[in-house]
Amino acid sequence: MTESHPIGHGGRLTIDLAALRANWRHLADVAECPETAAVIKADAYGCGIARAAPALWAEGCRTFFVAHLSEGLTARKAAPEAAIYVLNGFPPGTAQAYRDADLRPVLGSREEVAEWAARNRAGGMRPAALHVDTGMNRLGLSVPEALALASDPMMAEAGLDLLMSHLVSAEVEHDPLTDHQASEFDRVRAAYPHLRASLANSSGDFLASCRADLARPGYALYGGNPRPGRGNPMRPVVRLEAGILQVRDVDAGATAGYNARWTARGPRRLATLSLGYADGYPRSSTGRGEAVVGGVRCPFAGNVSMDLIILDVTGAPEEVLRRGAPATLIGDGLDLDTVGRNAGTIGYEILTGLGRRYERVYRD
Ligand SMILES: *Cc1c(COP(=O)(O)O)cnc(C)c1O
């Protein structure tokens, strides 16, 4: 944030589209897959489908994944010529909407395949993907089901053009479950030799290699670390800053925030930031959260409130502790994964929970 905090907003979210594009390019290089797609569900992990999809398209990305039909409709506007798959499948009554917007459902049950095939028989062939569950027990046909259906004429009528499965522990290096899933997936691939196949997400790209035709990274595109516990090879995409509203000095024994959950052990200087849990910054960060002020990491003091966070800025340089000066909540070395850990969750949840209340700035 430059000088003053954004007028009329508590915080500023800056999204670096050049970094997003560079991350996709990097993933496409390391994935060793013939093609690398982009997962842009949850409004491109909070970064905005309308801006993220065209940026990725311009970089060469031609295939996108969203979770819901409504997200697919937004993605279609943003990337008119792209192949767009909808992961959560094909709910009753949505066939016409899928067909009108040229979206491809990821079919995950016999019923879904049958209904899509019936629409294709009646109205012309439209492509779809087939999801096989190799261990998550969440979405998709079981392996025996997929094998049994391979020669069913209904499968040909479903217009399938992609076979996919999802890894349970992609971010865990050398997890035997990943190898088991990959070999189960290979058994199904052998029964559907004409279909392109997709298995790896962000972490799978790095740790399990591609093992298929199409990689499906999400989190790493937006700067998340695909290799937890190791150096993050991705560029940060998201920066979150909030302005200082007030600075005050308190004596030893003073408390701060709701329910007096924090007590000054000595004389401390506190700064109040114009951002809180209603902005998507988790209240569970109380006691562990941090922000960077003038290059110094400062701990939260007391509970995260709805619209405010109190920071202990005793260690920060005097000259940056002005009304309107910025504090960085994501960025300046505080990465998504750290912010997630401090909130008792994962960086994914931080990213996708970032509120709609910020001033949004896109850079490219
Ligand atoms: C969300 C999702 C992805 C992307 O995963 P990341 O860990 O964000 O890279 C890939 N495939 C499926 C099926 C997903 O649901």
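Residues numbered from 1 in each chain as written. Predicted model: local features only at pLDDT ≥ 70, side-chain atom pairs only at ≥ 80, totals over all residues. Heavy atoms only, no water.

A.B. asks: Tell me about the domain arrangement of the chain, and please be specific about residues and values.
C.D. replies: If you check the domain split of the chain, you get domain 1 (32–222) and domain 2 (236–363). Counting from both sides, the interface comprises 11 residues of domain 1 and, opposite them, 11 residues of domain 2. The contact between domain 1 and domain 2 buries some 1,100 Å² in all, and 59% of this surface belongs to carbon and sulfur atoms. The three residues of domain 1 that bury the most area against domain 2 are Tyr45, Tyr219 and Tyr222, which together make up 51% of that side's buried surface. The tally of links from domain 1 across to domain 2 stands at 1 salt bridge. Ionic pairing is found between Arg356 and Asp43, a salt bridge with its closest N-O pair at 3.7 Å. Here domain 1 is connected to domain 2 by 4 residue pairs in polar contact (both at pLDDT 80 or more). When residues in the side of domain 1 that touches domain 2 are grouped by element, the largest group, 3 residues, is from helix H2 (residues 41–45). Grouping the amino acids of the side of domain 1 that touches domain 2 by side-chain chemistry returns 6 nonpolar, 3 polar and 2 charged. (Domains from an automatic or database assignment. Contact = heavy atoms within 4.5 Å. Buried area = accessible area lost by both parts, 1.4 Å probe. Salt bridge = Lys/Arg side-chain N within 4 Å of Asp/Glu carboxyl O. Polar contact = N/O pair within 3.5 Å; in protein donor to acceptor, adjacent residues only side chain to side chain. Helix = DSSP H or I, 4+ residues; strand = E, 2+ residues; numbered from the N terminus. Nonpolar A, V, L, I, M, F, W, Y, C, P; charged D, E, K, R; others polar.)

A.B. asks: Any chance you could break down unusual backbone geometry for me, citing the residues and the numbers?
C.D. replies: If you check the backbone angles, Tyr45 has positive phi at about 50 degrees while not being a glycine. Relative to the elements of secondary structure, Tyr45 occurs in helix H2. Look at Tyr45 and you get buried, because its relative accessible area is 5%. Backbone geometry places His174, a non-glycine residue, at a positive phi of 55 degrees. Turning to its location among the elements, His174 is positioned in the loop between strand E9 (160–164) and helix H9 (176–191). (Buried < 20%, exposed > 50% of the residue type's maximum accessible area, 1.4 Å probe, protein only.)

A.B. asks: Tell me about the UniProt feature "binding site: substrate" (unreviewed entry) in the chain, residues and numbers included.
C.D. replies: UniProt tags Arg138 and Met306 as "binding site: substrate" (unreviewed entry). The greatest C-alpha distance among the residues just named is 34.2 Å, and with 169 residues of sequence between them they are spread in space as well. Within the fold, Arg138 resides in the loop between strand E7 (128–133) and strand E8 (141–142). Residue classification places Arg138 among the exposed positions, given a relative accessible area of 57%. (UniProt positions renumbered as here; feature names shortened; annotations may be inferred.)

A.B. asks: Account for the site of the ligand, with residues named and values stated.
C.D. replies: Near the ligand there are 13 residues, and of these Lys41, Tyr45, Ser202, Tyr219 and Tyr348 occur at the shortest range. In this structure, Lys41 approaches the ligand through a side-chain N or O atom, which is 2.7 Å from an oxygen atom. Between the ligand and the protein, one listed contact pairs an oxygen atom with a side-chain N or O atom of Ser202 at 2.4 Å. Calculation on the ligand without its partners gives an accessible area of 390 Å², and the protein chains cover 92% of this total. In the shell around the ligand, the residues fall into 7 nonpolar, 4 polar and 2 charged. (Near = heavy atom within 4 Å. Areas by Shrake-Rupley, 256 points an atom, 1.4 Å probe, with all protein chains shown as cover.)

A.B. asks: Go over the environment of Gly324, please, and point to the residues and values.
C.D. replies: Within the element layout of this structure, Gly324 appears in the loop between strand E18 (309–312) and strand E19 (326–330). According to the relative accessible area criterion, Gly324 is buried, its value standing at 8%. Taking the C-alpha atoms as reference points, Gly324 and Ser274, separated by 50 residues in sequence, lie 9.6 Å from one another.

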